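What the coordinates show
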Number of protein chains: 2
Amino acid sequence: MIRIGDSGEFSKTITESDVYTFAGVSGDFNRIHIDAEAAKDTVFKERIAHGFLVGSLISTVIGTKMPGEGAIYLKQSMSFCKPVFIGDTCKAIVTVDEIINESKGIYRLTTKVFNQNKDEVIDGYAIIKYTSKGDN
Amino acid sequence: MIRIGDSGEFSKTITESDVYTFAGVSGDFNRIHIDAEAAKDTVFKERIAHGFLVGSLISTVIGTKMPGEGAIYLKQSMSFCKPVFIGDTCKAIVTVDEIINESKGIYRLTTKVFNQNKDEVIDGYAIIKYTSKGDN
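Summary of the structure given here. The structure displayed is predicted, hence computed values, not measured ones.

**Side note on the sheet that holds strand β3 (residues 89-101) of chain A**
Read from one edge to the other, the open sheet built from 10 strands follows the order β1(A)-β3(A)-β4(A)-β5(A)-β2(A)-β2(B)-β5(B)-β4(B)-β3(B)-β1(B), with strand pairing classed as antiparallel. The strands lining the two open edges of the sheet, one partner per strand, are β1 (7-13) of chain A together with β1 (7-13) of chain B. Strand-to-strand twist of the sheet, defined as the mean angle between neighbouring strand axes without regard to direction, takes the value 20°. Sheet topology places strand β4 (residues 106-114) of chain B next to strand β5 (residues 120-129) of chain B; nine bridges connect them, and they run antiparallel. In the sheet register, Thr111(B) faces β5(B), and the bridge partner there is Gly124(B). Along the sheet, helix α1 (residues 16-26) of chain A contacts β1 of chain A together with β1 of chain B; its crossing angle with β1(B), the most-contacted strand, is approximately 95°.

See below:
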């Protein structure tokens with residue numbers, strides 16, 4: 001049973017290895033992520049993590065914690081509020097916000113990611129389908 | 001100069017290695033992605049790729065092709081229309097949809113991902129900031 005206000009979280013330090021591995025898997029070798037010298041000439045002044053790498057922590061909460069196995073991802077909306085740098089520790093927090101259709105198991109979740117300074121780096125929401133484990 | 005209708009694309013076969021590497025980087029070890037036996041008992045009947053892994057191809061287009069370097073990701077919204085299985089070949093297509101504020105360099109892009117059967121697997125849009133290379 002999912003109730004409004006239920007929540008789960010997952011935190012992880014975003015390492016240099018994560019960023020380079022993510023570049024290799026996704027194909028996104030934009031220099032802002034992988035070239036420390038080129039990054040100096042940008043507004044960020046240093047390499048930043050891919051937004052989708054940081055956002056994937058939201059997926060981790062939904063897929064493993066809230067609600068976890070059986071969840072089917074229907075939608076994700078993300079606003080990238082602040083950059084995440086290599087070495088930042090990010091915490092994704094997912095909270096049930098609205099029961100859209102209980103019989104069909106459709107829920108809206110707020111999905112936020114914060115850095116170690118409690119700055120919000122991603123704000124957004126997800127829509128998921130969740131009936132019960134194994135039923136999906 | 002970015003014009004409405006400008007577009008770019010990137011395609012990639014999603015491998016088993018990609019899915020397992022993405023699980024390791026994100027922390028999302030939901031069995032639907034990594035346990036072939038458990039996946040048989042789901043509606044999908046086999047392991048599926050993480051939605052964020054597939055969605056990352058959109059980021060690759062934006063970060064490396066359309067518009068490429070200098071783009072700053074402000075927002076991404078994605079609807080996950082169909083599952084992506086290991087071995088599927090996905091193509092992300094990004095098209096400039098709206099010039100929100102040309103002087104500030106704010107653009108809206110449609111962001112779609114298709115599989116090898118031309119089924120849409122992700123539908124959505126992005127908002128980006130892009131002035132010119134190096135200015136950001």
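Moving on from the coordinates now.
**Notes on the packing of aromatic side chains**
Any aromatic ring pair is given by two values, namely how distant the centres are and how the planes are angled relative to each other. As enumerated under the stated definition, the model contains six aromatic pairs over all chains in all. With 6.1 Å between their ring centres and 45° between their planes, Tyr73(A) and Phe52(B) make a pair best called tilted. Pair noted here: Tyr73(A) is in strand β2 (residues 72-80) and Phe52(B) is in helix α4 (residues 51-64), and the two residues belong to different chains. Phe52(B) carries the same exposure label as Tyr73(A), and that label is buried. Counting every residue linked through ring pairs, the aromatic cluster contains Phe52(A), Tyr73(A), Phe80(A), Phe52(B), Tyr73(B) and Phe80(B).

**Points about the state of the cysteines**
All names here are of chain A. Counted by the stated rule, this structure contains zero disulfides over all chains. Take Cys 81: it sits in no disulfide, and the sulfur closest to it among the cysteines is that of Cys 90, at 12 Å. According to the relative accessible area criterion, Cys 81 is partly exposed, its value standing at 40%.

Criteria and thresholds
Residue numbers here run from 1 along each chain, matching the order of that chain's written sequence. Each chain takes a letter, starting from A, and each ligand takes a number, starting from 1, following the order in which they are written. Where local features are concerned, this predicted model is filtered to residues with pLDDT of at least 70; where side-chain atom pairs are given and counted, the filter is 80 or more; whole-chain, interface and lining totals use all residues. Hydrogens and water are ignored here; the side-chain numbers use all heavy atoms of the structure. Note: two strands are recorded as paired if DSSP finds a minimum of 2 bridges between them. Secondary structure elements are taken from DSSP: a helix is a run of H or I of four residues or more, a strand is a run of E of two residues or more, and numbering for both begins at the N terminus. Think of each axis as a best-fit line through the C-alpha atoms, taken over the contacting stretch in the case of a helix, with angles from 0 to 180 degrees between the N-to-C directions. Residue contacts follow a heavy-atom distance rule, with two residues in contact if any of their heavy atoms lie within 4.5 Å. Between rings of Phe, Tyr and Trp, where Trp is taken as its six-membered ring, a pair exists when centres lie within 6.5 Å; planes separated by under 30 degrees are stacked, by over 60 edge-to-face, and by other angles tilted. Burial status follows relative accessibility: with a 1.4 Å probe on protein chains alone, a residue under 20% of its type maximum counts as buried, one over 50% as exposed, and anything between as partly exposed. In plain terms, two cysteine sulfur atoms within 2.5 Å form what is called a disulfide here.

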